[in-house]
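# Observations on the three-dimensional arrangement
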Amino acid sequence: MKAIICQEHGLPDSLRYMDVPEPEIGEHEVLIQVAASAVNFPDVLIIQNKYQFKPELPFSPGGEVSGIVEKVGSAVKHLQAGQRVLALCGWGGFAEKVKVEADRVFPIPPQMDFITAASTLYTFGTAYHALKDRANLQAGETLLVLGASGGVGLAAVALGKVMGAKVIAAASTAEKLQVCASHGASELINYEKEDLKERIKSLTDGRGVDVVLDVVGDKYAEPALRGMAWKGRYLVVGFAGGEIPKLPFNLALLKGCAVMGVFWGRFSKEEPKQSQQNIMELVGLIQSGKISQHIYKTYTLEEAPQALQDMLDRKVIGKGMIKIDGNWK
């Protein structure tokens, strides 16, 4: 079978498109013919050996896929061959076939296409866990999303609107902000051209924001923390901006606010029942048309390294997707 392989840690141009043996599954695993695989920022990190999970070389990136079950292990009872599924594989998804632990595989509704299925879990799952489980976002509160045009950021914008919050989207270009507006942001901040702290103050009449969802970190974190309201919640989701910020925690004291981490991958393993409930609720929101994924571009499997480079270059608005035509049924 064909796959994108990381033989040595490095940038996307070091990846290779090549033939590899078909995976052999264990008794608790399933083999999936991959129809679509999502491009996520962790894929960029994992090939550089900078992510929390560090698979042994060689491996294929790609942690979020949809497709059709080809084989099931002897101990797997809730899935069967021929079933349409989405899966969280961690890595291995930039390939024609991938093996996945059965408890990380979920059936998809008949009316949901493979692109929609594979583009949902990481971004909307992370954003929903952050806003619902960690921040307990309430209707009428103000939500600031940093890096609002990325996959998780745009999902947070849409979910914040559905949850009844006033959403302020912050991103680096007018084009990105326009997409944020179309997904529910009522206020926009171009943090490359505007003073982030002053704009927050202006947009909230000096009160500050109740919740910050931050996927970029870097130089934007401190002014956002300074823009928190009393008893606000600062959600640390990622560091796409490059540098991990060193925050002055006297600000947390003065504002009575909470700074909390959001690690959806671990949450989904530590609290599987709550995670599955969240997924069911998200599928319901998608089917009702209340939320939808913004697809930046669809790539072939061979073009997957370019998809990762586009992610690294911060070109991707919403979600980049890999489509494997031979498995599209």
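Residues numbered from 1 in each chain as written. Predicted model: local features only at pLDDT ≥ 70, side-chain atom pairs only at ≥ 80, totals over all residues. Heavy atoms only, no water.

### A word on the overall build of the protein chain
A count of helical and extended segments in the protein chain gives 11 helices and 15 strands. Taking 20 Å as the expected radius of gyration for a compact globule of 329 residues, we find that the protein chain reaches 20 Å, a close match to that expectation. Principal-axis analysis of the C-alpha atoms gives the protein chain an extent of 60 × 40 × 35 Å. For the protein chain, the proportion of its 329 residues judged to be buried stands at 55%. Partitioning the contacts of the protein chain with sequence separation of at least 6, the portion at a separation of at least 24 is 69%. With an accessible surface of roughly 14,400 Å², the protein chain has 50% of that area assigned to carbon and sulfur atoms. Computing the positive centroid from 36 side-chain charges and the negative centroid from 37, the protein chain places the two 5 Å apart. (Helix = DSSP H or I, 4+ residues; strand = E, 2+ residues; numbered from the N terminus. Rg over C-alpha atoms; globule rule 2.2 N^0.38 Å. Buried < 20%, exposed > 50% of the residue type's maximum accessible area, 1.4 Å probe, protein only. Contact = heavy atoms within 4.5 Å. Areas by Shrake-Rupley, 256 points an atom, 1.4 Å probe, with all protein chains shown as cover. Lys, Arg positive; Asp, Glu negative; His and termini not counted. Charge placed at Lys NZ, Arg CZ, Asp CG, Glu CD.)

### What about the UniProt feature "domain: Enoyl reductase (ER)" (unreviewed entry) in the protein chain?
This chain's UniProt record puts "domain: Enoyl reductase (ER)" (unreviewed entry) on residues 10-322. Between the C-alpha atoms that bound residues 10-322 there is a distance of 20 Å. The span itself is 31% helix and 26% strand. (UniProt positions renumbered as here; feature names shortened; annotations may be inferred.)

### Concerning the domain arrangement of the protein chain
Domains assigned within the protein chain are domain 1 (2-122 + 294-323) and domain 2 (135-261). For domain 1 versus domain 2, the distance between C-alpha centres works out to 30 Å. Tallying the contact residues gives seven residues for domain 1 and 12 residues for domain 2. Regarding the contact of domain 1 and domain 2, the summed buried area is about 780 Å², with carbon and sulfur atoms giving 59% of it. When the buried surface of domain 1 facing domain 2 is broken down by residue, His 294, Arg 314 and Ile 317 rank first, second and third, together holding 67% of it. Remark: the boundary between domain 1 and domain 2 carries zero salt bridges. Our enumeration of links across domain 1 and domain 2 arrives at three residue pairs in polar contact (both at pLDDT 80 or more). Its residues placed into classes, the side of domain 1 that touches domain 2 shows four nonpolar, two polar and one charged. (Domains from an automatic or database assignment. Buried area = accessible area lost by both parts, 1.4 Å probe. Salt bridge = Lys/Arg side-chain N within 4 Å of Asp/Glu carboxyl O. Polar contact = N/O pair within 3.5 Å; in protein donor to acceptor, adjacent residues only side chain to side chain. Nonpolar A, V, L, I, M, F, W, Y, C, P; charged D, E, K, R; others polar.)

### Things to note about the pattern of salt bridges
Applying the stated rule across the entire model yields 11 salt bridges. The salt bridge involving Glu 222 is made with Arg 226; its shortest N-O contact spans 2.8 Å. You can see Glu 222 and its partner Arg 226 sitting in helix H7 (residues 221-226), four residues apart, about one turn around the helix. You can call Arg 226 partly exposed: its relative accessible area is 34%. Taking the shortest distance from any N to any O, the salt bridge between Arg 266 and Glu 270 comes out at 3.1 Å. Taken together, the positions of Arg 266 and Glu 270, both in helix H9 (residues 264-270) and four residues apart, correspond to about one turn of that helix.

### Looking at the nonpolar core
Counting 76 residues, the largest nonpolar core has Leu 131, Leu 143, Leu 144, Leu 146, Leu 159, Leu 213 and Leu 235 as its most contacted members. Both domains that furnish three or more residues to this core are identified here as domain 1 (2-122 + 294-323) and domain 2 (135-261). Of all hydrophobic cores here, the second largest spans 33 residues; its members include Phe 59, Cys 89, Leu 301 and Ile 324. (Core = buried A, V, L, I, M, F, W, Y, C linked by side-chain atoms within 4.5 Å.)

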